[in-house]
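Results of the structural survey
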Amino acid sequence: MNYGHIFKAKIGIPRTPESRQPSRWPAVFVVGGSFAFAACGTLDSGSNPVTDASVDGSTNGSSSGSSSSGSSSSGSSSGSSGSSGSGSSSGSSGSSGSGSSSGSSGSSSSGGSGGLTDSGATDADNLDATDATPLDSGVEAEPPPACVANDAASVVGITSDGGACCLFDPLKTAPGACGCGVPDVDTDGDGVPDCNDGCPKDPARTQPGPCGCGVPDSTPLCLVHRYSFNLSTDGGTPTDAGADAGSDAGAAATIIDSIGGANGTPVNVALTTNGSISLVGGQYVSLPAGIISSLGNSATFEAWVTWTGGPAWQRIFDFGSSDQPGGIGPGGVGLTYVFVTPLNGTTSSLRGAFTLGGPAGEASLNNIAALPTAVETHVALVVDGVLRTMSLYENGVVVQVSAPYGALGTAAQNDLAGLSGLNDVNNWLGRSQYAADPGFDGSISEFRIYSVARSASQIMASFVATSNGLPAQ
């Protein structure tokens, strides 16, 4: 029997006035005596058919090719549904008289998707719902397998295909060379990630030499920076900043580094006494950025100071960064730093501290008492990046050695292991990374930085040689 007309039959989903859910109406047409289902349209509340791409495309693609006859020109009547396209259709009606007919779906290029059309798609493949590469309209990649914890303490999980994955690192899906929580960064561009590079800021080395990183192996004592606060001896004018063994007097004086050339700048203070600088009321000395982290993971800091007393948390020195943009300037808290304070507010004693992870990651050392006042005292802090320990000295005698500090810090601190991880943009004598901390009240007659972790006997030798001399070893 030949039915020369198209009719619709309502099936499936009831519609209630409260929910105003649309009803689904499959279009059924008869061609040459055979029934075929065309697009599944949607009737809105006004009984006007509209296209539902997310459903109709799937229906069209799977059913339109089932038409038993392509000779009829009625393919154009269901062409709108056929345009949704499907590569999954068997498409036996390829001879249909209309290219837009559902009968032509065999020529669709969407391939294997059942004609699914996602109207919110990002790329041309219209498959964001199952698309692992929504910006690429080419062949779709599989979505990444789920990452599942091995146990409650894990930061590294396992995927369904057996691979390792990062549970809590938004920047990594796999541990990579440095593990989860640590970026695979190669600062010096030598092909070795910083986490595996013993000299991450020295492209000529991947392991420290006899004098560490960035320093010639023949450097005497591995002493790389020395500030003696001497007035000018070059015969120039007081403020000519001459490059001599001393510093030029005046408010704009340069604090000379007689060994490394990393000259400092006094802030709000002038050199007025030969051989020392007096600081009070927030005065300080600013040293060049990067002079600590470039040495590698180990260093020794020595100072001869006379403290006049005052409130807790003053700084003899503090090298690192704060929570301000770029880490520059004092802030609410310090983020990366190494410092010595003559009096801490927790144990009321001399303290040395180091962190790459803010206050929560801080490793600290304490003496049993505060620094003596009104007398010159030799203070030294040794950071050993190989052993991951710190040692604090007063007048040549060790007062405490830390446990390995990597266990106290963040994942980054555990892997970077030492001072190369400092963002040392604020290198200060007499000033803290914490804006609330007071400045140092007292004088400094000598400040030295060595590029290695010096031993207990070498620290004692420095103390014996005094601030005016150098040790033999």
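Remember, it's a predicted structure, so these values are computed and weren't measured experimentally.

Let us now look at a nonpolar patch on the surface. Where nonpolar side chains cluster on the molecular surface, the patch consists of Val-155, Val-156 and Phe-168 and spans about 290 Å² of accessible area. Tracing the chain through its elements places Val-156 in strand 6 (residues 156-159).

Let's shift gears to the pairing of strand 14 (residues 334-341). Residues in a regular strand point their side chains to alternate faces of the sheet. For strand 14, the buried fraction is high: 7 of the 8 residues fall into the buried class. Relative to strand 14, strand 13 (residues 317-322) runs antiparallel, the two being bridged by 6 bridges. Residue pairing for strand 14: Phe-317 is matched across the bridge by Val-340. Bridge count for strand 14 against strand 15 (residues 351-355) is 5 bridges, and the pairing is antiparallel. Within the sheet, the bridge partner assigned to Val-338 lies in strand 15 and is Phe-354.

To continue, consider the pattern of salt bridges. Counted according to the given criterion, the structure contains 9 salt bridges. Linking Lys-172 and Asp-184 is a salt bridge whose minimum nitrogen-to-oxygen distance equals 2.9 Å. Highlighted residues: Lys-172 in the loop between strand 7 (164-166) and strand 8 (223-227) and Asp-184 in the loop between strand 7 and strand 8, separated in sequence by 12 residues. For Glu-446, the salt bridge is made with Arg-226, and the minimal N-O distance between the two is 2.4 Å. A residue pair is termed long-range when its members are at least 10 positions apart, and Glu-446 in strand 21 (residues 442-450) and Arg-226 in strand 8 qualify at 220 residues. Neither residue differs from the other here; Glu-446 and Arg-226 are each classed as buried. Within this structure, Arg-226, Glu-302, Glu-446 and Arg-448 form a network of salt bridges that share partners.

This part is about the state of the cysteines. Here is the idea: a disulfide is a covalent bond, and it sits between the sulfur atoms of two cysteines. Under the definition given, this model contains 5 disulfides. Across the disulfide, Cys-166 is cross-linked to Cys-180 (sulfur-sulfur distance 2.1 Å). Since a negative S-S torsion denotes a left-handed disulfide, the Cys-166-Cys-180 link at about -90 degrees is left-handed. Here Cys-166, found in strand 7, pairs with Cys-180, found in the loop between strand 7 and strand 8; they are 14 residues apart in sequence, far enough to count as distant. Of the two residues, Cys-166 and Cys-180, both sit in the buried class. Linked covalently through their sulfurs, Cys-178 and Cys-195 form a disulfide whose S-S length is 1.9 Å. Taking the sign of the S-S torsion, -80 degrees for the link of Cys-178 and Cys-195, the bridge is left-handed. Here Cys-195 lies in the loop between strand 7 and strand 8 and Cys-178 lies in the loop between strand 7 and strand 8, a separation of 17 residues in the sequence. With respect to class, Cys-178 is no different from Cys-195; both count as buried. Cysteines bonded in the protein are numbered consecutively along the chain; their disulfide partners then correspond to 1-2, 3-5, 4-6, 7-9, 8-10.

A full pass over the atoms with the stated rule returns 8 aromatic pairs. Relative to Tyr-434, the ring of Tyr-337 has its centre 5.8 Å away and its plane inclined at 70 degrees; by these criteria the two rings are edge-to-face. In this pair, Tyr-337 is assigned in strand 14 and Tyr-434 in the loop between strand 20 (426-429) and strand 21, connecting sequence segments 97 residues apart. Take Tyr-337: its relative accessible area is 0%, and that puts it in the buried class. According to the relative accessible area criterion, Tyr-434 is buried, its value standing at 16%. Among the aromatic residues, those joined into a cluster by ring pairs are Phe-301, Phe-317, Phe-319 and Phe-447.

Conventions adopted
Residues numbered from 1 in each chain as written. Predicted model: local features only at pLDDT ≥ 70, side-chain atom pairs only at ≥ 80, totals over all residues. Heavy atoms only, no water. Patch = residues over 30% accessible without salt bridge, like charges linked within 9 Å, V, L, I, M, F, W, Y side chains within 5 Å. Areas by Shrake-Rupley, 256 points an atom, 1.4 Å probe, with all protein chains shown as cover. Salt bridge = Lys/Arg side-chain N within 4 Å of Asp/Glu carboxyl O. Helix = DSSP H or I, 4+ residues; strand = E, 2+ residues; numbered from the N terminus. Buried < 20%, exposed > 50% of the residue type's maximum accessible area, 1.4 Å probe, protein only. Pairing = 2+ DSSP bridges. Disulfide = S-S within 2.5 Å. Phe/Tyr/Trp six-rings, centres within 6.5 Å; stacked < 30°, edge-to-face > 60°.

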